[in-house]
Structure formats: C-alpha cells, structure tokens
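# Tertiary structure, described
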Amino acid sequence: MISGMYMGELVRLILVKMAKEDLVFQGHITPDLVTNGQLQTSFVSAIENDKDKEGLVSAEKMLRGLGLDPSVEDCVATRRVCQVVSTRAAHLCAATLAAVLRQIRDNKAAERLRTTIGVDGSVYKNHPQFARRLHKMVRRLVPDCDVRFLRSEDGSGKGAAMVTAVAFRLAIQHAGRQRILDALRLSQEQLLDVKRRMGEEMNRGLAKESHDQATVKMLPTFVRSMPDGTESGEFLALDLGGTNFRVLLVRVRRGKRRSVEMHNKIYAIPQEAMQGTGEELFDHIVHCIADFLEYMGMKRASLPLGFTFSFPCHQSKLDQGILLKWTKGFKATGCEGEDVVTLLKDAIYRREEFDLDVVAVVNDTVGTMMTCGYEDPLCEVGLIVGTGTNVCYMEEMQNMELVDGSEGKMCVNMEWGAFGDHGELDDFSTDFDKAVDEHSANPGKQTYEKMISGMYLGEIVRNVLLEFTTKGLLFRGKLSERLKTRGIFETKFLSQIESDRLALRQVRSILQHLGLTSSTCDDSILVKEVCSVVACRAAQLCGAGLAAVVDKIRQNRNLPELKITVGVDGTLYKLHPHFSNFMHETVRDLAPQCKVTFIQSEDGSGKGAALITAVACRIRDAGQC
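One structure accompanies this document, and this report is about it. Starting from 1, residues in each chain are numbered consecutively following that chain's sequence as written. Reporting in this predicted model follows two pLDDT cut-offs: at least 70 for local features of residues, and 80 or more for side-chain atom pairs to be given and counted; totals over whole chains, interfaces and linings ignore these cut-offs and use all residues. The basis for every side-chain value is the complete set of heavy atoms in the structure, and neither hydrogens nor water enter the calculation.

### Things to note about empty space enclosed by the protein
A 1.4 Å probe that fits into a set of points on a 1 Å grid over the protein atoms alone but cannot get out defines a cavity; an open set with protein on both sides within 12 Å along at least five of seven lines defines a pocket, and lining residues are those with an atom within 4 Å of a point. Grid points are joined across faces, edges and corners, and a volume is the space filled by probe spheres set on the points. According to the stated counting rule, one finds one cavity of 30 Å³ or more in the structure shown. Estimates place the volume of the largest cavity at around 60 Å³. Taken together, Thr 221, Phe 309, Phe 311, Cys 313, Gln 315, Val 361, Val 362, Asn 363 and Asn 413 form the lining of the largest cavity. Considered class by class, the residues forming the lining of the largest cavity number five nonpolar, four polar and no charged. Here the term charged refers only to Asp, Glu, Lys and Arg, the term nonpolar to Ala, Val, Leu, Ile, Met, Phe, Trp, Tyr, Cys and Pro, and the term polar to all other amino acids, Gly among them.

Here you go:
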C-alpha cells in the first residue's frame with residue numbers, strides 16, 4: 001500500500017478497472033495494460049511532475065507504450081489516479097510514523113518532542129510530491145512533535161559502518177558498567193564467608209569474656225516462653241520505634257475461639273520531644289496513654305502493660321531496659337544509661353491519673369517473633385527488614401554466659417545491624433558503601449544495616465548512578481543538581497522501578513522527578529539493573545546472616561535437619577517485589593539442612609508486646625517465676 005514495488009501496479013489495476021467500466025480509453029483494453037508489472041512506480045513519479053505540463057506528456061508516453069491511444073482527458077485521469085495512490089501511500093506512512101513519534105514522546109514523558117527522522121529510499125527521494133505530503137500529514141497528526149526530516153546519503157553502506165561503530169562503543173560502555181556493578185555482586189563463596197563471620201560474632205556476643213568487644217551484642221531479653229494458647233485477658237501495649245507512637249488495647253481470648261482483638265491509636269512524637277529532655281519525651285508518651293484510655297472509656301483502668309521499645313537496650317530482667325544509645329533521630333537527654341521502664345513509671349506518677357503494671361519491655365523483633373509464634377508454634381526467629389534491620393531468636397540458656405542459669409531457652413536480641421563495625425565486612429564493602437557511611441548520622445556504626453536496610457539502599461543506588469554519570473556511562477554524562485542531593489533517591493523508588501508491572505516509561509517519570517529530563521530508554525534499563533543489583537546484594541547479605549542464625553539453632557540441638565519458622569516484618573521485605581525471594585533462596589543455599597518457613601507478621605510490634613505481657617502474666621499467675 002506504500003512502497004515503490006507496488007505503487008505502479010496499484011495504478012495499473014485501477015486503470016484496468018476504469019477501462020472495463022468504459023471510464024477511460026473508450027473502454028479499450030490492450031494486452032500490455034493487463035500484464036503484471038508493466039507500469040513501474042518510476043512512471044508514477046514522472047506522471048505527477050507538474051513542471052510545464054511534463055506530467056501529462058509523460059502520461060501520454062507511458063499509455064502509448066501500453067498500446068493505447070489516449071485522449072487528453074485520459075492523460076488527466078491517469079495522472080489523477082497516480083495522485084490518489086501516491087497520496088494514500090504518503091498518508092499511510094505518515095500515520096504509522098505519527099504512532100512511532102507518539103510512542104517516543106510518551107517514553108520520554110515529554111510534553112513536546114523534538115526529533116529528527118533520517119529517510120532513504122527512491123519513492124521518498126524521486127517522487128515529486130511524496131515527501132511534501134508525508135511531512136504535512138505527520139505534522140497534522142502529531143502537532144505536539146517538532147519533526148525534522150533528514151535525507152540519508154549512502155545510508156546502507158555508511159550506516160552499516162556507523163552501526164558497527166556504535167555497537168563497539170556500547171560494548172565498551174557495557175563492559176565499564178559491569179565492572180562497576182561486579183563490585184556489588186557476591187559469589188556463593190563470599191556469602192558463605194559472611195555466614196561464617198556472623199556465626200563467629202554471635203558466639204563472641206554470647207560469651208562473657210568477649211561480649212564487650214563483639215559487634216553483635218546478643219542481648220538477653222528475658223523472654224523465656226512462647227504463647228501456648230492458654231493466655232487471656234486485657235493488656236495495654238505501647239509501641240515506640242520512630243516518629244509515630246502507638247497505644248494499643250489488646251484482648252486475648254483462649255480456648256476453641258482463641259483470638260486476639262486489637263484497638264489502637266497513633267500519636268505523633270514532635271521534634272521538640274524527640275530532641276528535648278527525657279522528662280518531656282516520657283510526659284508526652286503518658287499524655288498519649290491518658291488520651292487513649294479516655295478514648296476507650298477506660299480512664300481509671302489499671303492494666304498489665306507491654307512496652308515495645310525499638311532501641312538498643314541492655315536487660316537484666318523482662319521489665320527493665322537500660323537504653324544503650326538513641327537511634328532513628330532521637331536525642332532526648334537524660335535517657336541513655338537509664339531504665340526506660342523507670343522513666344515511664346516516673347512520668348505516670350507525675351501525671352497522677354492512672355496506674356499501670358509494666359510487665360515487659362521488648363524489642364520489635366521480639367514482638368514480631370511472638371506474634372508469629374501465636375500462629376505457628378515452630379516460629380522461634382523474628383526478623384525486621386525495613387528502615388533498619390535486626391533479628392532475635394530463641395537461644396539455649398547454657399550458651400548465654402551473661403545470664404545465670406542453664407536450663408531452657410531465652411530470646412536473644414542480636415542487634416545484628418552493627419555487624420561489620422570492627423571491619424568484618426571491609427572486603428565486601430564498596431566505595432559506594434563508604435560514601436553512604438561517611439555522610440550518615442553515625443559514621444563507622446551499623447555497617448551491616450547500611451548494606452541491607454531501607455534507610456540506605458536508595459542512597460547506595462544514587463552513588464552508583466553518580467559514578468556511572470561521571471564516567472559518561474549514563475545520562476550522556478550530564479549530572480542533574482537533584483541527583484547530587486543526598487537522600488533524593490528514596491528506597492521506595494527501588495521497589496517501584498523493579499516492579500514487573502512497571503513499564504520503562506514510568507521508570508523514566510521517576511527519573512524526571514530527579515531532574516533527569518533527557519534520560520533515554522537505555523538509561524531507564526540501566527537504572528533498573530542498578531536497583532536490582534543493589535537490592536539483590538542486600539537480600540543475599542540478609543539471607544547469609546539468617547542462615548548463620550538457623551544453622552546455629554540446628555547445631556545447638558544436635559539435629560541433622562531443623563524445621564523452623566521465621567516471622568518477618570518491615571516495609572522492605574513486604575513491599576519490594578524481589579527482596580524476599582532473593583533472601584529465601586540464599587538461606588536455602590547456605591543452610592541446606594534447615595527447612596525454613598517464612599511468615600509475615602501483621603502488626604508484630606504492638607500485638608507482640610501484648611502477647612509477651614500475656615505470657616509473662618500467665619507464668620506469674622501460675623507461680624512459675
């Protein structure tokens with residue numbers, strides 16, 4: 001319908017039909033007129049030449065060559081047929097080009113596209129009207145595209161050489177990119193090494209002699225028992241782990257209709273409370289508790305309380321937690337080195353409105369393990385992979401030199417985010433990790449966490465993209481000011497970019513948000529690969545650490561094979577489309593004798609604190625401690 005091989009033949013077929021209907025040539029048909037291929041497209045170009053009526057002369061000459069004796073009217077009609085066929089061809093070509101241009105514009109998410117189309121071919125070059133009609137229709141169909149048409153000279157030969165040159169350049173660039181990304185890819189041997197080193201640090205943290213020097217602190221939680229289904233009652237739970245604070249009322253029912261019913265309210269922690277005095281912070285917390293009790297119609301109630309306090313604490317009993325250091329932007333004075341339960345009780349006493357029985361202070365990992373343990377008795381590990389990362393698990397008392405007694409088990413809060421702070425991960429650390437650490441709020445601290453958790457992955461990606469761009473391997477070597485801004489590449493972008501449902505044009509819209517308005521489709525593909533490599537490494541490092549944990553539990557119990565469940569919470573684990581799969585696969589590879597099931601915790605930090613409180617009350621009421 002468009003090309004030179006067929007345009008002349010279309011004209012011939014139309015003339016045959018018109019002659020049969022006695023519209024031209026007085027109905028006369030010659031053998032040459034009905035012979036395929038007798039009317040070439042070059043004749044169409046000549047007939048449409050308007051210069052000094054040369055077109056009509058060419059039409060007469062061509063028709064006489066077919067054995068016809070055309071009149072002037074026959075020549076005019078023939079030229080009109082040629083015009084209709086060639087115009088349709090040009091307009092069809094323009095319509096398809098318009099679709100291509102719109103796709104390119106959409107890919108670039110540009111309001112207006114400016115581009116050049118390189119053109120070659122005899123119809124475009126030789127036909128007197130084709131190019132003009134094509135250009136005009138393209139501009140009509142895509143008025144939001146400024147299109148320039150450039151004729152190619154010796155396109156096929158010169159172009160082949162250019163394609164070869166471009167392919168060579170791209171191959172060199174690809175090799176350069178992969179060399180950089182290879183530093184972020186970990187082999188099976190390296191991951192086994194991470195697992196081994198994590199196991200060594202766990203043992204150092206458990207031992208009294210080496211505990212102070214260990215990076216993985218293995219803090220006792222004094223949680224000694226999992227829920228057994230006989231717990232019941234009403235419990236209050238507090239959940240403090242970030243800028244939002246929650247108060248929960250949890251009703252636990254036992255028996256055949258065993259269930260956990262929760263009511264909660266979220267309160268903001270203002271900046272002045274986070275960074276003021278300890279009294280101001282805990283007075284605000286107690287004010288929120290009072291508001292919640294009034295909201296629930298329980299103003300004077302006295303309930304057992306579990307306190308999820310997601311900061312590093314040293315515990316010598318279940319209802320005591322000595323704050324070792326603030327994290328996550330908290331800097332309230334007079335708290336570090338103090339018992340947070342005492343600080344809370346003092347604030348309740350100052351309020352003089354209600355009294356609470358603070359039974360347990362717990363970490364969010366412990367809450368996650370307890371919540372999942374209520375559903376699955378095999379759950380003895382709690383994992384958080386969100387803004388930060390941490391793990392707890394049930395350790396044999398005989399291995400816990402910091403706590404008296406050797407019977408039974410106790411949950412250990414590993415605080416594994418600090419793994420690597422003494423150089424254990426230096427040979428796996430890249431320049432990108434060092435840049436992130438150097439500009440963090442706590443340089444030299446939480447090394448493992450900075451390679452895994454949601455607070456840092458986006459910043460690692462941003463540093464990789466900066467390196468690529470500086471070397472001219474991305475964004476045509478043009479750095480945007482926004483990409484130079486620390487923290488601008490949020491970890492949520494990794495999850496969005498790696499979503500299998502997300503088209504590359506949407507990846508480009510994220511890049512445009514970062515000021516990268518001239519990014520190409522190839523840039524989007526590379527950014528997606530960088531996100532994938534960084535997230536995969538994080539998941540594998542997390543999996544290697546977890547493999548050390550479950551393998552230790554198996555060895556503690558002298559089992560040839562261990563069946564165990566890990567309760568997991570955290571936005572990175574839940575929202576990233578591939579993180580969990582990478583992590584599960586790593587655990588399977590590195591701990592083949594452990595059959596690990598993963599279950600997601602629903603509201604582990606709050607519900608878990610209440611369940612720990614319920615278990616503690618059950619044991620206390622039974623006179624077991």
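### Some words on the pairing of strand E10 (residues 357-362)
Working definition: with a 1.4 Å probe on protein chains only, accessible area under 20% of the residue-type maximum means buried, over 50% means exposed, and in between means partly exposed. Numbering goes from the N terminus for both helices and strands, where a helix is a DSSP run of H or I of at least four residues and a strand is a run of E of at least two. Here E10 lies mainly inside the structure; five of its six residues are buried. Paired strands, in this sense, are two strands between which DSSP finds at least two bridges. Pairing of strand E7 (residues 304-309) with E10 involves five bridges; the strand directions are parallel. Within E10, the position partnered with Leu 305 by the bridge is Val 358.

### As for the sheet that holds strand E5 (residues 244-253)
Ordered in space as E6-E5-E4-E7-E10, the five strands form an open sheet in which the pairing is mixed. Each of the sheet's edge strands pairs with one partner strand only, and the pair in question is strand E6 (259-268) and E10. On average, adjacent strands in this sheet sit at an angle of 20° to one another, irrespective of strand direction. Here strand E4 (residues 233-240) runs beside E7; their pairing, made up of five bridges, is parallel. Looking at the pairing, Leu 240 lines up with Phe 309 of E7. Should any heavy atoms of two residues lie within 4.5 Å, those residues are considered in contact. Between N-to-C directions, angles cover 0 to 180 degrees, with each direction set by a line fitted to C-alpha atoms, over the stretch in contact for helices. Across the sheet, helix H10 (residues 278-295) lies against E4, E5, E6 and E7, angled at about 130° from E6, the strand it touches most. The strands touched by helix H11 (residues 340-351) within the sheet are E4, E7 and E10, with E10 carrying the most contacts at an inclination of about 145°.

### Digging into helix H3 (residues 54-65)
For a helix, the expected span equals 1.5 Å multiplied by the residue count minus one. End to end, H3 covers 16 Å across 12 residues, agreeing with the expected 16 Å (1.5 Å per residue, within 8%). Every buried residue of H3 is accounted for by Gly 55, Leu 56, Ala 59, Met 62 and Leu 63. All buried residues of H3 project into a common sector of 125° when viewed along the axis, lining one side. In H3, the exposed positions that point more than 90 degrees away from the buried face belong to Val 57, Lys 61 and Gly 65. Taken from the helix axis, the directions to the C-beta atoms give the arc we talk about.

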